[in-house]
Amino acid sequence: MKTTAPTIPTPDDAALWHDGHLYLADQRILPQRAEFLVYDQAAAVADAIRAMVVRGAPAIGIAAAYGVVLAGRAAFTAAGAGWKTAITADLARLAASRPTAVNLFWALRRMEALIAQLADGDPTGALLNEALAIHQEDRDANRRIGELGAALITQPTDIITHCNAGALATGGYGTALGVVRSAFAAGKIGRVFADETRPWLQGARLTAWELMHDGIPVTLQADCAAASLMATGTVGWVIVGSDRIAANGDVANKIGTYGLAVLARHHGIKVMVAAPTSTVDMSIASGAEIPIEERDPAELLGCGGQQLAPVGCVARNPVFDVTPAALVDAIVTERGVVLNPTTEKMRGLMG
Ligand SMILES: CSC[C@@H](O)[C@@H](O)C(=O)COP(=O)(O)O
C-alpha cells in the first residue's frame, strides 16, 4: 500500500513506526524518488523484505520485528486469547523472507522469547516496545562501531566500500558507513570509492546517495575498477558490512566482497568488517554453513527493467559470498574489535 508519508525519507529513515503503522523507505526506487510505503500486515512486510523494499541485514531484522508487532495485533483482533496460536503463520512468513542475513532470525527469536513470556491479553504494546528497543539498540551499536572502527584508521586515507552498509541498511548511521562517518568527522577519510555493486546497484543508488547527503566525498566506480584503484596506492582500507559472521570469523557479505578482500591482500590494503553482534552467528562453525541467497536471474540479465543479455541466456545470481577469516584484518562490533579473527577470539567477544 502506498501512502502519504509522515516526512520524506532521509537516509536515517529506512524504517519507522508512526501512528500504528510501519513505514519503509522504498529502496527499490531511491535515489530517483524518496517515498515511504506503509504496512499494517506482517505478510506484506515479509513480501517487502523479499522484494528489497527494505534491505541490509540489521534493517531486515528491524523490519521483521515491527512485522511481529503487526502480526500480534492482527492475531489478537482475530483470535483474542488464542493469539499465540494465530500468530505462528506470520512468524513463519517473516522467517522465510530472506535466508542469509542472520539479523532476521536474531530479531525473530528475540520477539518470540517475549511472546513466550506474555499472557493472553493484547500483546501489541509489549511487542512494540521490544521492536522499538531493537531499533534503538541498533542505532546505538552503530555509533559505537563508528567510533571503534574510526580509531583503527591511523592516518588519512581513501577507502573502498561495497554494497550499502549505511543508515538505510540499519536502524540508522550505518555500520561500514558509520565507520566512514565517524572517520570523516575525525579528518581521516580523503575520499570514499563506492563500488556500484552489480547487479542490484546498492552502491550506485544508495551509498552514493547517503554519502552525498552527508557531504562526504564519494566517487562511484564499477566493481571491476577496484583492482586498478588499489594499485595506485591511495587506498588504505576496504570497509564493508556483513550479513552473517560465522564463529571462526568467516564473513558473508554482498557478492563481490570476497574478490575485494583477495585484491586487498595482494595490494597490502586492510579489510575492516563493521557489524553489530546481532550479525554474529556462533551456532555455525564456519562460513561454509551460511545459506547463500540466489535471486532471480532477471536481476542480472537486465537493468532498470530493460533486457540486456540475449533472451534465453542462462545466468547465476548468488547475491552474497563468504570471505574467509584469514582475509579479514578487523571485525568491529559494538562490544569491541577482533583483529585477525579466529574462533577463540570470536568466543571471547561473544562470551
Ligand atoms: C549494514 S548492512 C550489511 C550487509 O547487509 C550489506 O553489506 C549487504 O550485503 C546487503 O545486501 P542486500 O542484498 O542489499 O540486503
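Taking an unreviewed UniProt entry as the reference, the chain is identified by name as Methylthioribose-1-phosphate isomerase belonging to Chromatium okenii. The chain has a UniProt comment under Function (unreviewed entry) that states "Catalyzes the interconversion of methylthioribose-1-phosphate (MTR-1-P) into methylthioribulose-1-phosphate (MTRu-1-P). Also catalyzes the interconversion of 5-deoxyribose 1-phosphate and 5-deoxyribulose 1-phosphate. Part of a bifunctional DHAP-shunt salvage pathway for SAM by-products."

Q: Would you mind going over the overall build of the chain with me for this structure?
A: Broken down by element type, the chain carries 12 helices and 16 strands. Taken against the 2.2 N^0.38 rule, which gives 20 Å for 351 residues, the C-alpha radius of gyration of the chain at 20 Å falls within 12% of a compact globule. The principal-axis extent of the C-alpha atoms belonging to the chain is close to 65 × 50 × 40 Å. Per-residue burial over the chain gives 50% buried out of 351 residues. Within the chain, counting contacts between residues at least 6 apart in sequence, those at least 24 apart form 75% of the total.

Q: Help me understand the sheet that holds strand β2 (residues 21-25) in this model?
A: Across a sheet, strands are paired by hydrogen bonds formed along the backbone, either parallel or antiparallel in direction. The strand order across the open sheet built from 3 strands is β1-β2-β3, with neighbouring strands paired in antiparallel fashion. Strand pairing shows two members of the sheet lacking a second neighbour, β1 (15-18) and β3 (36-39), which therefore form its edges. Between one strand and the next, the sheet's axes are offset by a mean angle of 30°, whatever the strand orientation. For β1 and β2, the ladder comprises 4 bridges, and the chain directions are antiparallel. Within β2, the position partnered with tryptophan 17 by the bridge is leucine 22.

Q: Is there a simple way to think about the environment of glycine 56 in this case?
A: Relative to the helices and strands, glycine 56 is located in the loop between α1 (42-51) and α2 (57-79). Given 30 C-beta atoms within 10 Å, glycine 56 falls into the buried group. Linking glycine 56 and leucine 118, residues 62 residues apart in sequence, is a C-alpha distance of 30 Å. Beyond its immediate sequence surroundings of up to four residues, glycine 56 is in contact with Asn164, Ala165, Leu168, Ala169 and Thr170.

Q: Any chance you could explain the UniProt feature "binding site: substrate" (unreviewed entry) in the chain here in plain terms?
A: According to UniProt, the positions carrying the feature "binding site: substrate" (unreviewed entry) are Arg55, Gly56, Ala57, Arg98, Gln202, Asn253 and Lys254. Locating arginine 55 in the fold gives a position in the loop between α1 and α2. For arginine 55, a count of 26 C-beta atoms within 10 Å translates into the label buried. Excluding residues within four positions of it along the chain, arginine 55 makes contact with Gln27, Ile60 and Ala169. Its place among the elements puts lysine 254 in strand β9 (residues 251-254). Once residues within four sequence positions are removed from consideration, lysine 254 is found in contact with His162, Cys163, Thr197, Gln202 and Phe320.

Q: For this particular structure, what's the right way to read the sheet that holds strand β11 (residues 280-281)?
A: Spatially, 4 strands are ordered β11-β8-β9-β14 in an open sheet, and the strand pairing comes out mixed. The open sheet is flanked by β11 and β14 (320-323), the only strands paired with a single partner. Pairing between β9 and β14: 4 bridges, direction antiparallel. Paired with alanine 252 across the bridge in β14 is valine 322.

Q: Mind showing me how you'd approach the packing of α1 against α2 here?
A: Any two packed helices are characterised by the angle at which their axes cross and by the distance between the axes. In the contact formed by α1 and α2, the axes pass within 8 Å of each other and the chain directions differ by 160°. Looking at the two axes, α1 sits roughly antiparallel to α2. By crossing handedness, the relation of α1 to α2 is classed as left-handed. Taken together, the residues of α2 that come into contact with α1 (itself represented by Ala42, Val45, Ala46, Ala48 and Ile49) are Ile60, Ala63, Ala64, Tyr66, Gly67, Val68, Leu70, Ala71 and Ala74.

Q: So what exactly am I meant to see when it comes to the site of the ligand here?
A: Surveying the vicinity of the ligand reveals 17 residues, the closest of which are Arg55, Ala57, Ala169, Gly241 and Lys254. Those elements that place two or more of their residues in the shell around the ligand are α2 and β9. Considered class by class, the residues forming the shell around the ligand number 7 nonpolar, 7 polar and 3 charged. Viewed by domain, the shell around the ligand spans two of them, domain 1 (15-138) and domain 2 (147-350), each represented by three or more residues.

Q: What's the story with helix α10 (residues 257-267) in this structure? I'm lost.
A: Residues that lie three or four places apart on an α-helix share one face, since the helix turns once every 3.6 residues. Every buried residue of α10 is listed here: Thr257, Leu260, Ala261, Leu263 and Ala264. Along α10, the residues classed as buried sweep out an arc of 165° about the axis, all on the same side. The secondary structure elements touched by the buried residues of α10 are β4 (157-161), α9 (226-231), β7 (235-240), β9, β10 (270-274) and β14. Just downstream of α10, glycine 268 is the residue with a positive phi angle, here 70°.

Q: Could you clarify how one ought to interpret the environment of alanine 25 in this entry?
A: Mapped onto the secondary structure, alanine 25 falls in strand β2. Taking the C-beta count within 10 Å as the criterion, alanine 25 has 26 such neighbours and is therefore assigned buried. Linking alanine 25 and phenylalanine 184, residues 159 residues apart in sequence, is a C-alpha distance of 26 Å. Leaving out residues up to four positions away in the same chain, alanine 25 has contacts with Pro9, Asp13, Ala14, Leu30, Ala34, Phe36 and Leu168.

Calculation criteria
- Residues numbered from 1 in each chain as written.
- Predicted model: local features only at pLDDT ≥ 70, side-chain atom pairs only at ≥ 80, totals over all residues.
- UniProt positions renumbered as here; feature names shortened; annotations may be inferred.
- Helix = DSSP H or I, 4+ residues; strand = E, 2+ residues; numbered from the N terminus.
- Rg over C-alpha atoms; globule rule 2.2 N^0.38 Å.
- Buried ≥ 20, exposed ≤ 12 C-beta atoms within 10 Å, placed from the backbone.
- Contact = placed C-beta atoms within 7 Å.
- Pairing = 2+ DSSP bridges.
- Axes fitted to C-alpha atoms, helices over the stretch in contact; angles between N-to-C directions.
- Parallel < 35°, antiparallel > 145°, perpendicular 65-115°, else oblique.
- Left-handed = near helix turned anticlockwise from the far one by under 90°.
- Near = placed C-beta within 6 Å.
- Nonpolar A, V, L, I, M, F, W, Y, C, P; charged D, E, K, R; others polar.
- Domains from an automatic or database assignment.
- Arc of directions from axis to C-beta.

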